[in-house]
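# Inside the fold
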Amino acid sequence: MKFSGAVLLCLVGISNAFNLATNKRISSSSATFSTVQTEASANASEKGSTKDPLLIRAARGEKVDRTPVWMMRQAGRHIKEYRDLCKKYPTFRQRSEIPEVAVEVSLQPWRNYQTDGCILFSDILTPLPGVGLEFTIDEKVGPVMDPIRSYDDLKKMHKIDPYDAAPFVAETLKILREEVGPETAVLGFVGCPYTLATYIVEGKTSKEYLEIKKMAFNEPDLLHSILKNLAESIGDYALYQIENGAQLIQIFDSWAGHLSPRDYDEFAAPYQKNILKKIKDAHPEIPTVTYIKHSGALIERMAATGVDVVSLDWTVDMAEGRERIRKSREANGLAGAGGVQGNLDPGILYANHDIIKERTEEILKKAGPTGHVMNLGHGIEATTPEENAKFFIETVRNFRHES
(Lines give C-alpha, C1' and ligand atoms only; values in the text may rest on other atoms or scores of the structure.)
Protein backbone atom coordinates (compact mmCIF):
# COMPACT_ATOMS: atom_id res chain seq x y z
CA MET A 1 0.00 0.00 0.00
CA LYS A 2 1.92 3.18 0.21
CA PHE A 3 2.59 4.23 0.73
CA SER A 4 5.53 5.33 1.83
CA GLY A 5 8.20 7.49 0.41
CA ALA A 6 9.61 4.91 -1.88
CA VAL A 7 6.93 3.68 -4.22
CA LEU A 8 7.73 0.50 -6.12
CA LEU A 9 5.68 -0.27 -9.21
CA CYS A 10 6.44 -2.03 -12.47
CA LEU A 11 4.17 -4.03 -14.77
CA VAL A 12 6.00 -3.78 -18.06
CA GLY A 13 6.08 -6.95 -20.10
CA ILE A 14 4.44 -9.48 -17.80
CA SER A 15 4.88 -12.87 -19.38
CA ASN A 16 2.09 -15.14 -20.55
CA ALA A 17 2.77 -17.31 -17.56
CA PHE A 18 1.97 -14.44 -15.23
CA ASN A 19 -1.11 -13.49 -17.25
CA LEU A 20 -2.30 -17.04 -16.78
CA ALA A 21 -2.38 -16.37 -13.05
CA THR A 22 -5.32 -14.03 -13.52
CA ASN A 23 -7.47 -17.02 -14.48
CA LYS A 24 -6.84 -19.13 -11.40
CA ARG A 25 -5.87 -18.75 -7.78
CA ILE A 26 -2.25 -18.96 -6.82
CA SER A 27 -1.46 -22.32 -5.34
CA SER A 28 -2.01 -21.39 -1.71
CA SER A 29 -5.24 -19.47 -2.22
CA SER A 30 -7.81 -22.17 -1.59
CA ALA A 31 -6.36 -23.02 1.80
CA THR A 32 -5.90 -19.33 2.56
CA PHE A 33 -9.46 -18.41 1.73
CA SER A 34 -10.99 -21.27 3.71
CA THR A 35 -9.01 -20.15 6.73
CA VAL A 36 -10.10 -16.56 6.16
CA GLN A 37 -13.76 -17.51 5.99
CA THR A 38 -13.52 -19.47 9.23
CA GLU A 39 -11.95 -16.52 11.03
CA ALA A 40 -14.41 -14.06 9.49
CA SER A 41 -17.28 -16.15 10.85
CA ALA A 42 -15.70 -16.06 14.29
CA ASN A 43 -15.33 -12.30 14.06
CA ALA A 44 -18.99 -11.91 13.16
CA SER A 45 -19.98 -13.22 16.58
CA GLU A 46 -17.97 -10.58 18.41
CA LYS A 47 -19.97 -8.57 20.91
CA GLY A 48 -21.34 -5.33 19.48
CA SER A 49 -21.40 -6.57 15.89
CA THR A 50 -23.63 -4.47 13.65
CA LYS A 51 -24.11 -4.04 9.93
CA ASP A 52 -21.10 -1.77 9.48
CA PRO A 53 -17.61 -2.95 10.50
CA LEU A 54 -16.16 -1.78 13.79
CA LEU A 55 -13.50 0.34 12.10
CA ILE A 56 -16.05 2.19 9.98
CA ARG A 57 -18.22 2.97 12.98
CA ALA A 58 -15.21 4.25 14.92
CA ALA A 59 -14.12 6.43 11.99
CA ARG A 60 -17.59 7.97 11.95
CA GLY A 61 -17.28 8.81 15.63
CA GLU A 62 -19.86 6.28 16.79
CA LYS A 63 -19.62 4.58 20.16
CA VAL A 64 -17.83 1.23 19.90
CA ASP A 65 -16.97 -1.57 22.32
CA ARG A 66 -13.25 -1.40 21.61
CA THR A 67 -10.77 0.56 19.52
CA PRO A 68 -10.21 -0.90 16.03
CA VAL A 69 -6.69 -1.38 14.69
CA TRP A 70 -4.76 -1.88 11.47
CA MET A 71 -1.26 -0.90 10.30
CA MET A 72 -0.14 1.22 7.40
CA ARG A 73 1.94 -0.95 5.04
CA GLN A 74 0.61 -4.00 6.89
CA ALA A 75 0.62 -6.02 3.66
CA GLY A 76 4.15 -6.43 2.45
CA ARG A 77 7.79 -6.99 3.17
CA HIS A 78 7.77 -7.74 6.89
CA ILE A 79 5.70 -10.91 6.29
CA LYS A 80 7.61 -14.02 5.24
CA GLU A 81 4.71 -15.27 3.12
CA TYR A 82 4.98 -12.07 1.10
CA ARG A 83 8.72 -12.39 0.65
CA ASP A 84 8.24 -15.95 -0.55
CA LEU A 85 5.59 -14.77 -3.01
CA CYS A 86 8.05 -12.24 -4.41
CA LYS A 87 10.19 -15.09 -5.72
CA LYS A 88 7.36 -16.11 -8.05
CA TYR A 89 6.14 -12.59 -8.81
CA PRO A 90 9.31 -10.46 -8.72
CA THR A 91 7.87 -7.03 -9.61
CA PHE A 92 5.57 -4.95 -7.51
CA ARG A 93 3.08 -4.46 -10.31
CA GLN A 94 2.81 -8.18 -10.85
CA ARG A 95 1.95 -8.56 -7.19
CA SER A 96 -0.47 -5.63 -7.15
CA GLU A 97 -2.08 -5.91 -10.60
CA ILE A 98 -2.75 -9.65 -10.86
CA PRO A 99 -5.97 -9.68 -8.79
CA GLU A 100 -5.54 -13.12 -7.24
CA VAL A 101 -2.03 -12.25 -6.10
CA ALA A 102 -3.10 -8.84 -4.80
CA VAL A 103 -5.94 -10.48 -2.87
CA GLU A 104 -3.57 -12.97 -1.26
CA VAL A 105 -1.12 -10.23 -0.25
CA SER A 106 -3.93 -8.04 1.10
CA LEU A 107 -5.27 -10.91 3.19
CA GLN A 108 -1.97 -12.03 4.72
CA PRO A 109 -1.85 -9.53 7.63
CA TRP A 110 -5.59 -9.85 8.24
CA ARG A 111 -5.31 -13.61 8.36
CA ASN A 112 -2.16 -13.57 10.50
CA TYR A 113 -3.01 -10.76 12.92
CA GLN A 114 -6.79 -10.31 12.76
CA THR A 115 -6.61 -6.60 11.93
CA ASP A 116 -9.92 -4.74 11.80
CA GLY A 117 -9.07 -3.28 8.40
CA CYS A 118 -7.92 -5.04 5.24
CA ILE A 119 -6.30 -2.52 2.92
CA LEU A 120 -6.05 -2.92 -0.82
CA PHE A 121 -2.52 -3.95 -1.82
CA SER A 122 -1.66 -1.32 -4.38
CA ASP A 123 0.25 1.94 -4.57
CA ILE A 124 -0.36 5.64 -4.99
CA LEU A 125 1.19 5.65 -8.48
CA THR A 126 -1.14 2.96 -9.81
CA PRO A 127 -3.50 5.39 -11.61
CA LEU A 128 -0.79 7.47 -13.31
CA PRO A 129 -0.67 5.52 -16.59
CA GLY A 130 -4.40 6.18 -16.76
CA VAL A 131 -3.76 9.93 -16.91
CA GLY A 132 -1.10 9.56 -19.61
CA LEU A 133 1.98 9.34 -17.41
CA GLU A 134 3.90 6.15 -18.01
CA PHE A 135 6.87 5.13 -15.91
CA THR A 136 9.35 2.34 -15.42
CA ILE A 137 10.95 0.92 -12.33
CA ASP A 138 14.52 0.80 -11.30
CA GLU A 139 14.47 -1.75 -8.50
CA LYS A 140 17.15 0.20 -6.62
CA VAL A 141 15.87 3.78 -6.97
CA GLY A 142 12.14 3.29 -7.52
CA PRO A 143 9.86 4.79 -10.19
CA VAL A 144 11.38 6.71 -13.08
CA MET A 145 9.43 8.75 -15.63
CA ASP A 146 9.86 11.55 -18.12
CA PRO A 147 9.27 14.65 -15.97
CA ILE A 148 6.63 17.26 -16.71
CA ARG A 149 8.30 20.67 -16.53
CA SER A 150 6.62 22.68 -19.29
CA TYR A 151 3.21 23.35 -20.77
CA ASP A 152 4.16 21.19 -23.74
CA ASP A 153 4.86 18.32 -21.36
CA LEU A 154 1.50 18.96 -19.70
CA LYS A 155 -0.30 18.06 -22.93
CA LYS A 156 0.45 14.40 -22.20
CA MET A 157 -2.02 14.45 -19.31
CA HIS A 158 -5.67 13.50 -19.75
CA LYS A 159 -8.59 12.49 -17.57
CA ILE A 160 -8.59 8.97 -16.21
CA ASP A 161 -11.08 6.24 -17.03
CA PRO A 162 -10.51 4.01 -13.99
CA TYR A 163 -12.39 1.06 -15.45
CA ASP A 164 -10.02 1.05 -18.40
CA ALA A 165 -6.86 2.04 -16.51
CA ALA A 166 -7.13 -0.21 -13.44
CA PRO A 167 -9.70 -3.02 -13.84
CA PHE A 168 -7.59 -5.17 -11.52
CA VAL A 169 -8.32 -2.79 -8.63
CA ALA A 170 -12.06 -3.33 -8.99
CA GLU A 171 -11.66 -7.10 -9.16
CA THR A 172 -9.38 -7.16 -6.12
CA LEU A 173 -11.72 -5.03 -4.02
CA LYS A 174 -14.74 -7.14 -4.90
CA ILE A 175 -12.97 -10.34 -3.93
CA LEU A 176 -11.74 -8.82 -0.67
CA ARG A 177 -15.28 -7.84 0.32
CA GLU A 178 -16.34 -11.44 -0.20
CA GLU A 179 -13.43 -12.92 1.68
CA VAL A 180 -13.11 -10.85 4.83
CA GLY A 181 -16.72 -10.95 5.91
CA PRO A 182 -18.93 -8.22 7.39
CA GLU A 183 -16.88 -7.41 10.50
CA THR A 184 -13.71 -6.32 8.69
CA ALA A 185 -13.49 -3.03 6.78
CA VAL A 186 -12.05 -3.08 3.27
CA LEU A 187 -9.90 0.03 2.92
CA GLY A 188 -9.05 1.93 -0.23
CA PHE A 189 -6.56 4.75 -0.69
CA VAL A 190 -5.26 7.35 -3.11
CA GLY A 191 -2.27 9.63 -3.35
CA CYS A 192 -2.99 13.35 -3.21
CA PRO A 193 -2.06 15.67 -6.09
CA TYR A 194 0.93 17.37 -4.46
CA THR A 195 2.62 14.13 -3.50
CA LEU A 196 1.95 12.60 -6.92
CA ALA A 197 3.29 15.78 -8.51
CA THR A 198 6.60 15.37 -6.68
CA TYR A 199 7.23 12.21 -8.71
CA ILE A 200 5.87 13.74 -11.91
CA VAL A 201 7.95 16.93 -11.75
CA GLU A 202 11.09 15.41 -10.27
CA GLY A 203 10.92 12.43 -12.63
CA LYS A 204 11.85 10.07 -9.79
CA THR A 205 11.91 9.87 -6.02
CA SER A 206 13.62 12.74 -4.25
CA LYS A 207 14.95 13.80 -0.87
CA GLU A 208 14.99 17.57 -1.36
CA TYR A 209 12.13 18.12 -3.88
CA LEU A 210 14.01 20.99 -5.49
CA GLU A 211 12.48 20.69 -8.97
CA ILE A 212 8.89 20.89 -7.78
CA LYS A 213 9.76 23.73 -5.42
CA LYS A 214 11.43 25.63 -8.25
CA MET A 215 8.26 25.19 -10.28
CA ALA A 216 6.10 26.28 -7.34
CA PHE A 217 8.06 29.49 -6.87
CA ASN A 218 8.89 30.34 -10.51
CA GLU A 219 5.97 28.87 -12.48
CA PRO A 220 3.15 28.40 -9.98
CA ASP A 221 0.47 28.42 -12.69
CA LEU A 222 2.08 25.43 -14.37
CA LEU A 223 2.17 23.51 -11.11
CA HIS A 224 -1.45 24.39 -10.41
CA SER A 225 -2.39 23.06 -13.84
CA ILE A 226 -0.73 19.75 -13.02
CA LEU A 227 -2.41 19.63 -9.62
CA LYS A 228 -5.85 20.41 -11.04
CA ASN A 229 -5.51 17.65 -13.62
CA LEU A 230 -4.51 15.21 -10.92
CA ALA A 231 -7.25 16.25 -8.50
CA GLU A 232 -9.98 15.59 -11.03
CA SER A 233 -8.70 12.13 -11.93
CA ILE A 234 -7.75 11.06 -8.42
CA GLY A 235 -11.20 12.04 -7.18
CA ASP A 236 -12.71 9.78 -9.85
CA TYR A 237 -10.29 7.02 -8.93
CA ALA A 238 -11.39 7.24 -5.28
CA LEU A 239 -15.04 6.97 -6.33
CA TYR A 240 -14.13 3.97 -8.48
CA GLN A 241 -12.69 2.21 -5.44
CA ILE A 242 -15.83 2.94 -3.43
CA GLU A 243 -18.11 1.73 -6.22
CA ASN A 244 -16.23 -1.57 -6.20
CA GLY A 245 -16.13 -2.25 -2.48
CA ALA A 246 -13.90 0.15 -0.54
CA GLN A 247 -15.65 1.17 2.69
CA LEU A 248 -13.19 3.92 3.68
CA ILE A 249 -10.75 6.03 1.69
CA GLN A 250 -7.43 7.19 3.09
CA ILE A 251 -5.75 10.01 1.21
CA PHE A 252 -1.97 10.20 1.39
CA ASP A 253 -0.19 13.50 0.92
CA SER A 254 3.00 12.05 2.32
CA TRP A 255 5.42 14.67 1.04
CA ALA A 256 3.27 17.70 1.83
CA GLY A 257 5.07 17.71 5.17
CA HIS A 258 8.03 19.22 3.32
CA LEU A 259 5.99 22.35 2.57
CA SER A 260 5.83 25.48 4.68
CA PRO A 261 2.35 26.24 6.06
CA ARG A 262 1.90 28.98 3.46
CA ASP A 263 2.82 26.67 0.58
CA TYR A 264 0.71 23.86 2.02
CA ASP A 265 -2.27 26.23 1.91
CA GLU A 266 -1.61 26.96 -1.76
CA PHE A 267 -0.35 23.73 -3.29
CA ALA A 268 -1.70 20.90 -1.13
CA ALA A 269 -4.81 21.71 0.90
CA PRO A 270 -7.06 22.96 -1.95
CA TYR A 271 -6.54 19.76 -3.91
CA GLN A 272 -7.06 17.56 -0.88
CA LYS A 273 -10.36 19.38 -0.41
CA ASN A 274 -11.32 18.76 -4.03
CA ILE A 275 -10.91 15.01 -3.58
CA LEU A 276 -12.70 14.95 -0.24
CA LYS A 277 -15.61 16.96 -1.65
CA LYS A 278 -15.98 14.64 -4.62
CA ILE A 279 -16.10 11.65 -2.26
CA LYS A 280 -18.60 13.22 0.12
CA ASP A 281 -20.84 14.58 -2.62
CA ALA A 282 -21.24 11.10 -4.05
CA HIS A 283 -20.88 8.98 -0.90
CA PRO A 284 -21.45 10.96 2.30
CA GLU A 285 -21.50 7.70 4.27
CA ILE A 286 -17.89 6.82 3.43
CA PRO A 287 -15.37 7.89 6.11
CA THR A 288 -12.22 9.65 4.95
CA VAL A 289 -8.76 9.71 6.53
CA THR A 290 -5.78 11.91 5.71
CA TYR A 291 -2.11 11.18 6.36
CA ILE A 292 1.00 13.34 5.97
CA LYS A 293 4.40 12.31 7.24
CA HIS A 294 6.09 14.81 9.59
CA SER A 295 2.88 16.82 9.82
CA GLY A 296 3.12 18.17 13.37
CA ALA A 297 3.09 21.77 12.13
CA LEU A 298 0.10 21.11 9.83
CA ILE A 299 -2.43 19.37 12.07
CA GLU A 300 -4.84 22.30 12.27
CA ARG A 301 -4.67 22.72 8.51
CA MET A 302 -5.27 19.02 7.92
CA ALA A 303 -8.34 19.10 10.17
CA ALA A 304 -9.64 22.21 8.40
CA THR A 305 -9.98 20.30 5.13
CA GLY A 306 -13.10 18.67 6.57
CA VAL A 307 -11.66 15.16 6.52
CA ASP A 308 -13.32 12.80 9.00
CA VAL A 309 -10.13 11.41 10.54
CA VAL A 310 -6.64 12.91 10.82
CA SER A 311 -3.90 10.28 10.97
CA LEU A 312 -1.13 11.51 13.25
CA ASP A 313 2.49 10.51 12.89
CA TRP A 314 4.49 9.50 15.97
CA THR A 315 6.02 12.95 16.53
CA VAL A 316 2.76 14.29 17.97
CA ASP A 317 1.36 13.56 21.43
CA MET A 318 -2.01 11.89 20.94
CA ALA A 319 -3.89 13.94 23.54
CA GLU A 320 -2.46 17.19 22.22
CA GLY A 321 -3.21 16.15 18.66
CA ARG A 322 -6.84 15.39 19.46
CA GLU A 323 -7.27 18.79 21.09
CA ARG A 324 -5.67 20.61 18.17
CA ILE A 325 -7.98 18.80 15.75
CA ARG A 326 -11.04 19.66 17.86
CA LYS A 327 -10.14 23.34 18.07
CA SER A 328 -9.43 23.58 14.36
CA ARG A 329 -12.73 22.00 13.43
CA GLU A 330 -14.57 24.33 15.79
CA ALA A 331 -12.77 27.37 14.39
CA ASN A 332 -13.65 26.34 10.85
CA GLY A 333 -17.32 25.66 11.56
CA LEU A 334 -17.04 21.88 11.22
CA ALA A 335 -19.36 19.72 13.29
CA GLY A 336 -17.97 17.34 15.88
CA ALA A 337 -14.55 16.86 17.42
CA GLY A 338 -13.23 14.86 14.48
CA GLY A 339 -11.59 11.48 14.49
CA VAL A 340 -7.96 10.52 14.88
CA GLN A 341 -5.79 7.64 13.72
CA GLY A 342 -2.39 6.46 14.94
CA ASN A 343 0.12 6.95 16.23
CA LEU A 344 2.63 4.43 17.62
CA ASP A 345 6.22 4.94 16.50
CA PRO A 346 6.93 1.99 14.14
CA GLY A 347 10.29 1.65 15.88
CA ILE A 348 8.51 0.56 19.06
CA LEU A 349 7.73 -2.73 17.34
CA TYR A 350 11.41 -3.63 17.70
CA ALA A 351 11.13 -3.37 21.50
CA ASN A 352 10.19 -6.08 23.96
CA HIS A 353 6.53 -6.90 24.53
CA ASP A 354 6.31 -5.02 27.81
CA ILE A 355 7.33 -1.78 26.12
CA ILE A 356 5.05 -2.39 23.13
CA LYS A 357 2.13 -2.92 25.51
CA GLU A 358 2.96 0.12 27.65
CA ARG A 359 3.36 2.52 24.71
CA THR A 360 0.29 1.17 22.88
CA GLU A 361 -1.98 1.44 25.89
CA GLU A 362 -0.69 4.94 26.64
CA ILE A 363 -1.89 6.07 23.21
CA LEU A 364 -5.21 4.26 23.58
CA LYS A 365 -5.88 5.98 26.92
CA LYS A 366 -4.93 9.43 25.58
CA ALA A 367 -7.10 8.99 22.50
CA GLY A 368 -10.15 7.96 24.48
CA PRO A 369 -12.95 5.53 23.64
CA THR A 370 -14.55 7.37 20.72
CA GLY A 371 -13.38 8.40 17.26
CA HIS A 372 -10.02 6.64 17.34
CA VAL A 373 -8.55 4.08 14.94
CA MET A 374 -5.32 2.68 16.34
CA ASN A 375 -2.44 2.51 13.89
CA LEU A 376 1.24 3.23 13.57
CA GLY A 377 2.51 6.74 13.00
CA HIS A 378 3.92 5.61 9.64
CA GLY A 379 4.18 2.36 7.69
CA ILE A 380 5.50 -0.75 9.42
CA GLU A 381 9.20 -1.28 8.74
CA ALA A 382 10.25 -4.16 6.50
CA THR A 383 12.41 -5.83 9.17
CA THR A 384 9.79 -5.72 11.92
CA PRO A 385 9.44 -9.12 13.66
CA GLU A 386 6.09 -10.64 12.78
CA GLU A 387 5.53 -11.77 16.35
CA ASN A 388 5.83 -8.16 17.53
CA ALA A 389 3.36 -6.92 14.92
CA LYS A 390 0.96 -9.62 16.06
CA PHE A 391 1.45 -8.68 19.71
CA PHE A 392 0.70 -5.03 18.93
CA ILE A 393 -2.58 -5.95 17.24
CA GLU A 394 -3.52 -8.31 20.08
CA THR A 395 -2.76 -5.60 22.65
CA VAL A 396 -5.19 -3.22 20.99
CA ARG A 397 -7.88 -5.85 20.50
CA ASN A 398 -7.67 -6.87 24.17
CA PHE A 399 -7.72 -3.31 25.55
CA ARG A 400 -10.95 -1.90 27.00
CA HIS A 401 -11.51 1.66 28.19
CA GLU A 402 -12.75 2.08 31.73
CA SER A 403 -16.41 3.01 31.94
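Above this text is the structure in question.
From a predicted model like this one, the values you see are computed outputs, not experimental measurements.

### Focus: the overall build of the protein
Looking only at helices and strands, the protein has 18 helices and 9 strands in total. Considering the protein as a whole, with its 403 residues, one finds that 58% of them fall into the buried category. The contacts in the protein between residues at least 6 apart in sequence include a share of 78% that link residues at least 24 apart. Counting every atom, the protein has about 16100 Å² of accessible surface; 50% of that belongs to carbon and sulfur.

### Looking at the side chain of Asn375
By secondary structure assignment, the location of Asn375 is in the loop between strand S9 (372-373) and helix H18 (386-398). Given the relative accessible area of 0%, Asn375 is considered buried.

### Observations regarding the nonpolar core
The biggest cluster of nonpolar side chains holds 123 residues, and the ones touching the most others in it are Met71, Leu128, Ile226, Ile249, Tyr264 and Phe392. A per-element tally of this core places helix H12 (residues 220-243) first, with 12 residues. Setting aside chain neighbours within four positions, we find Leu128 in contact with Leu133, Phe135, Met145, Leu196, Ile200 and Leu230.

### Here we look at the pattern of salt bridges
In the structure shown here, the tally under the stated rule is 25 salt bridges. When the shortest N-O distance is used, the salt bridge between Glu62 and Arg60 registers 3.9 Å. Look at Arg60 and you get partly exposed, because its relative accessible area is 34%. One network of salt bridges, with partners in common, ties together Lys159, Glu232, Asp236 and Lys278.

### Let's talk about the pairing of strand S4 (residues 185-191)
When you tally the buried positions in S4, you get 7 out of 7 residues, the bulk of the element. Alternating positions in S4 separate into two faces, Ala185, Leu187, Phe189 and Gly191 on one and Val186, Gly188 and Val190 on the other, with burial throughout. Bridge analysis of strand S1 (residues 117-119) against S4 gives 3 bridges, and the strand direction is parallel. Bridging from a neighbouring strand, Gly117 pairs with Ala185 of S4. As defined by bridge partners, S4 adjoins strand S5 (residues 248-252) across 5 bridges and the pair is classed as parallel. For Phe189, the partnering residue across the bridge sits in S5 and is Gln250.

### Concerning the packing of aromatic side chains
Counted under the stated rule, the structure contains 7 aromatic pairs. With centroids separated by 5.7 Å and ring planes inclined at 65°, the aromatic side chains of Tyr82 and Phe121 adopt a geometry described as edge-to-face. Taken together, the residues Tyr82 in helix H4 (residues 80-88) and Phe121 in the loop between S1 and strand S2 (136-138) connect sequence positions 39 residues apart. By the burial criterion, Tyr82 is buried, and Phe121 matches it. A network of ring pairs unites the aromatic residues Tyr82, Phe92 and Phe121 as a single cluster.

### Topic: the packing of helix H10 (residues 193-202) against H12
Viewed as axis vectors pointing N to C, H10 and H12 meet at an angle of 120°, and their least axial separation amounts to 9 Å. The orientation of H10 with respect to H12, classified from their angle, is oblique. Crossing of H10 against H12: the hand is right-handed. Between H10 and H12, the contacting residues are Pro193, Tyr194, Leu196, Ala197, Ile200 and Val201 on the first element and Leu223, Ile226, Leu227, Leu230, Ala231 and Ile234 on the second.

### Let's talk about unusual backbone geometry
Backbone torsion omega between Gly342 and Asn343 reads 0°, so that peptide bond is classified as cis. By secondary structure assignment, the location of Asn343 is in the loop between strand S8 (339-341) and helix H17 (353-367). Of note, Arg73 is a non-glycine position whose phi angle comes to about 65°, a positive value. Relative to the helices and strands, Arg73 is located in the loop between helix H3 (54-59) and H4. By relative accessible area, Arg73 is classed as buried at 17%. For Gln114, which is not glycine, the phi torsion reads 60° and is therefore positive. Tracing the chain through its elements places Gln114 in the loop between helix H6 (99-113) and S1.

### Here's the deal with the sheet that holds S8
If you trace the 7 strands from one edge of the open sheet to the other, you get S1-S4-S5-S6-S7-S8-S9, paired in parallel fashion. Where the open sheet ends on each side, the last strands, each with one partner, are S1 and S9. Packing against the sheet, H12 makes contact with S4 and S5, and its axis sits at approximately 170° to S4.

Conventions adopted
Position labels on residues start from 1 in each chain and follow its written sequence. Given that the model is predicted, a residue must reach a pLDDT of at least 70 before its local features are reported, and side-chain atom pairs must reach 80 or more before they are shown or counted; all residues, however, enter totals for whole chains, interfaces and linings. Remark: hydrogens and water are excluded; side-chain values derive from all non-hydrogen atoms of the structure. Numbering of helices and strands runs from the N terminus, with a helix taken as a DSSP run of H or I at least four residues long and a strand as a DSSP run of E at least two residues long. Working definition: with a 1.4 Å probe on protein chains only, accessible area under 20% of the residue-type maximum means buried, over 50% means exposed, and in between means partly exposed. The contact rule is simple, with two residues in contact once any of their heavy atoms fall within 4.5 Å. Surface accessibility in these figures is a Shrake-Rupley result with a 1.4 Å probe; residues are shielded only by whichever protein chains are displayed. Residues grouped as a nonpolar core are buried Ala, Val, Leu, Ile, Met, Phe, Trp, Tyr and Cys residues, joined through side-chain atoms within 4.5 Å. One speaks of a salt bridge when a side-chain nitrogen belonging to Lys or Arg is within 4 Å of a carboxyl oxygen belonging to Asp or Glu. For two strands to count as paired, DSSP must find a minimum of two bridges between them. Pairing of aromatic side chains requires ring centres within 6.5 Å, counting the rings of Phe and Tyr and the six-membered ring of Trp. Pairs whose planes differ by under 30 degrees are stacked, by over 60 edge-to-face, and all others tilted. Fitted lines through C-alpha atoms serve as axes, helices being fitted only where they are in contact, and the angles separating the N-to-C directions of these axes extend from 0 to 180 degrees. Each angle receives one of four descriptions, namely roughly parallel if under 35 degrees, roughly antiparallel if over 145, roughly perpendicular if within 65 to 115, and oblique otherwise. The hand of a helix crossing depends on one turn: near helix anticlockwise from the far one by less than a right angle means left-handed, and clockwise means right-handed.

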